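# Architecture and fold: a report
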Amino acid sequence: MVHVRAPLKVLVAALLALPLTAAVAQGSGQFGGLKYQVPAGWTSRSEVGALVLSPSGLASGEVVTVRFLPPAKAPTDFAAWFATHVAANARDLAGQRASPVQPEKTDEGDRALTQVVIGTVNGQPRFRYFLAVLHGNQVFAAHYTTSSLALLEKYQPGLEAFLKSVDPAGPSSGPQAKAPTTPAQGTTRPTTPTTSTGGAWPSVTAVSTPKFVASGRDPEAEPIPDEFRCYAELRGSDYSKAPLRLQILEGRQYRIGDGTKVLGSGAFTTVKGTLNKVRWTSGPLAGTDDAYLNFNDYGQTISLQNIGPEDKQIDLECYQRGPREDQARLTFGLRTPKPGRYACTAVNANGKAAPPLELLPGNRYRVNGAEGQYRLDLLSDQDDDNGDVDFLSGPWAERSGFYREENGQRTLYVSRTAECSVTVKPTPIPRYGKTKAPAPPRGSGVLSGAYASWQADVGGYCGGLCWNFYVFDKNGYVYTDEPDTGLEDADCSRTWPNGLPICEVYSFRNGQLRIGEGKPEPLRKKPGGGYDLDGTTLLVVRPVSGLKLNGTYRSFSASSSLGGLTSSYSEAFLRFTPDGRFSRESSGGASSTFTDTGTSSGTTTGGVTGRAAAAAAARTASWATRWS
């Protein structure tokens, strides 16, 4: 464990003032466009692209140096840049131990990152302190190295004097990341918004999803006018601030910026028949790949592809502000390891207990009294349900794993080593919006009651049977999702977080049932109850009273085609407890083999395999135990 004494904390405050002070003494030098003064009793020299300062009068074997680097262009992902920067400038230190990366803020609100790395050089101790400050369109970095903490205290006044004299000689404003500005070949430049590049970041009035849909537009095919917050798909775990913002404007115009200033504006069009729904036809995004558009119960996501200079292109996930971004950030939090004591079982040891794990603040952990450091990656794959963990030091050094929290179950899996978990109070995840659903249009309605249909699980993804549900309300709404807890889920006065009703409008006229925008289908009542919907039987869902279940139940099915070229399986576990709770786990898969003759006797030319898994933690008042 790295202990940072009080003088270093004082030094942090001085370092954070680095790019902001403006007082310059006479006789100061210049380096990288910055003015500075060498403290009394110190010397300076240029060395491999850095300004190196050290005090005079050091005894033999004593080391005190400050390496001050010239300002560089601000990176797109500050945290990832800092991790790479520290690794590259600490290679000479043997037996490294590192403190957690500490996010800081300067008095002016600029982001800063600090970290201490302790090691040895030729067997002698070294304490190296790293600092980087993101100021405007530039990043400033300094390394402070001593051979003892006592020397740090001794030379702290001179070091602070140097830092306070540093002054940016030029302007610090400018874009933090610039996308290509050359339009794609063969495209034209339509009229763009009047806001010029470099202007203050304007607010934009959002069009609500219900209003967007009511105007006849499809949120699955066209971006909703609103602001989207973009997080780079680069290795890292800092999601405290979205580095890029995208505003979708009416008239198929857009604007990008960093939240304080505009980086550019242009136009887009939509593309049919593909997941790449958005094509940038002019402005700073022109020439980049078409963007993916996704819409769910929380809002829209726009995936920007290959943004930036050709040798440094990145992808970004842009979440519609409000419920969609909130849900993404909540997910990031659930994938972030939480401090605590975790019970462990050994992997591949038939459930044998392993030493408990202690997760500590600052990306540290402890096993059997030995501590280590780990690194977390949340952003490089933002669709993943897990946070990727790499252990950098300690008893699990050079191993990897993943972390997740689901329904109050926090789990850290360490490859080939252990699976550790702890149960806590579940984190509430918003399921519904704050507004009430509007009344269905006149002329809909008539039916009422809950019905279900099933079909064989041919693909192996439903756990044996695939069910469809229809909960009709006479007012004209029908609930078609699978209830999680009971028929109370089918409260059609609710809306999803995106503002749309959780239920669909239906109408029943002349023996024809139409749900939403679907085609009308014949519906007739069956003797004994239920309906026939165009050949599919809808069974009545009836309440069951006094049923108590206890134990684990398993279902498994598998099938193979004639000749064995295709196969599928499905498996499900239901675990019931007498208090009315249950948990459900299911998995399934299918595979196909291709041959040059289309038969099992031919030569294999390829194949495809798919697998799916789902789990649901224990729920109270299960609809499965209350309704049949």
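Quick summary incoming for the structure in this document. Numbering of residues starts from 1 in every chain and runs along the sequence as written. A pLDDT threshold of at least 70 governs which residues receive local features in this predicted model, and a stricter bar of 80 or more applies before side-chain atom pairs are shown or counted, although totals over entire chains, interfaces and linings include all residues. Side-chain measures were taken over the full set of non-hydrogen atoms in the model, leaving aside hydrogen atoms and water.

### As for the packing of aromatic side chains
Two aromatic rings from Phe, Tyr or Trp, using only the six-membered ring of Trp, form a pair when their centres are within 6.5 Å; if the ring planes differ by under 30 degrees the pair is stacked, by over 60 it is edge-to-face, and anything between is tilted. Inspection of every chain in the model, using the stated rule, returns 20 aromatic pairs. Here Phe472 and Tyr506 contribute two aromatic rings whose centre-to-centre distance is 5.1 Å and whose plane-to-plane angle is 70°, an arrangement assigned as edge-to-face. With Phe472 in strand E30 (residues 465-472) and Tyr506 in strand E32 (residues 504-509), this pair connects stretches of sequence that are 34 residues apart. The exposure class of Phe472 is buried, given its relative accessible area of 6%. Under the scheme applied here, a residue whose accessible area is under 20% of the maximum for its type counts as buried, over 50% as exposed, and between as partly exposed, the area being computed with a 1.4 Å probe on protein chains only. Owing to a relative accessible area of 1%, Tyr506 belongs among the buried residues under this scheme. Taken together, Tyr451, Tyr470, Phe472, Tyr506 and Tyr531 form an aromatic cluster joined through their ring pairs. For helices the rule is a DSSP run of H or I covering at least 4 residues; for strands it is a run of E covering at least 2, with both sets numbered from the N terminus onward.

### Considering the sheet that holds strand E22 (residues 353-360)
What makes two strands pair is DSSP finding at least two bridges between them. Spatially, E21-E22-E23-E24-E25-E26-E27-E28 is the arrangement adopted by the eight strands of the closed barrel, whose pairing is antiparallel. Each strand of the sheet is rotated relative to its neighbour by a mean of 30°, with strand direction disregarded. Looking at chain direction, strand E26 (residues 400-406) and strand E27 (residues 409-414) are connected through six bridges and run antiparallel. Its bridge partner lying in E27, Tyr403 is registered against Leu412. Angular values range over 0 to 180 degrees, each being the angle between N-to-C directions of two axes fitted as lines to C-alpha atoms, with helices fitted over their stretch in contact.

### Remarks on the environment of Tyr477
Mapped onto the secondary structure, Tyr477 falls in strand E31 (residues 477-479). Spatially, the C-alpha atom of Tyr477 lies 8.8 Å from that of Ala439, the residues being 38 residues apart in sequence. Residue contacts for Tyr477: discarding those within four places in its chain leaves Ala437, Pro438, Pro440, Val471, Phe472, Cys492, Pro501, Cys503, Glu504, Val505 and Tyr506. A polar atom in the side chain of Tyr477 sits 2.8 Å from the backbone oxygen of Pro438. Between two residues, a contact is recorded if the distance between any of their heavy atoms is within 4.5 Å. Distance and chemistry together define a polar contact, namely a pair of N or O atoms within 3.5 Å, with one atom able to donate a hydrogen and the other to accept it when in protein, and with adjacent residues in sequence counting only for side-chain atoms on both sides.

### Here's the deal with the pairing of strand E33 (residues 512-515)
Along E33, the buried face is formed by Leu513 and Ile515; none of Gln512 and Arg514, which line the opposite face, is buried. Relative to E33, E32 runs antiparallel, the two sharing four bridges. The partner of Arg509 across the bridge, within E33, is Gln512. Count of turn residues in the E32/E33 antiparallel hairpin: two residues, of which Asn510 carries a positive phi of about 50°. Summarising the sheet, E33 and strand E34 (residues 521-525) pair through two bridges and their orientation is antiparallel. For Leu513, the partnering residue across the bridge sits in E34 and is Glu521. Between the end of E33 and the start of E34, which pair antiparallel, lie five residues, with Gly516 showing a positive phi angle near 60°.

### Focus on helix H5 (residues 323-334)
Look at H5: 16 Å from first C-alpha to last across 12 residues, which is about the 16 Å you get at 1.5 Å a residue. Listed as buried for H5 are Arg324, Glu325, Ala328, Phe332, Gly333 and Leu334. Next to the buried residues of H5 lie strand E13 (226-232), strand E18 (291-296), strand E19 (299-307), strand E20 (314-320) and E26. Expected helix span is taken as 1.5 Å per residue step, with the number of steps being one fewer than the number of residues.

### With respect to empty space enclosed by the protein
The pocket and cavity definitions rest on a 1 Å grid over protein atoms only: a 1.4 Å probe that fits but cannot leave marks a cavity, an open set with protein on both sides within 12 Å along at least five of seven lines marks a pocket, and residues lining either have an atom within 4 Å of a point. Grid points are joined across faces, edges and corners, and a volume is the space filled by probe spheres set on the points. On inspection of all chains with the given rule, the structure shows two cavities of 30 Å³ or more. Together, Thr76, Asp77, Phe78, Ala79, Arg111, Tyr231, Ala232, Asp238, Lys241, Pro243 and Leu379 line the largest cavity. Listed by contribution, the elements that provide at least two residues to the lining of the largest cavity are helix H2 (78-88) and E13.

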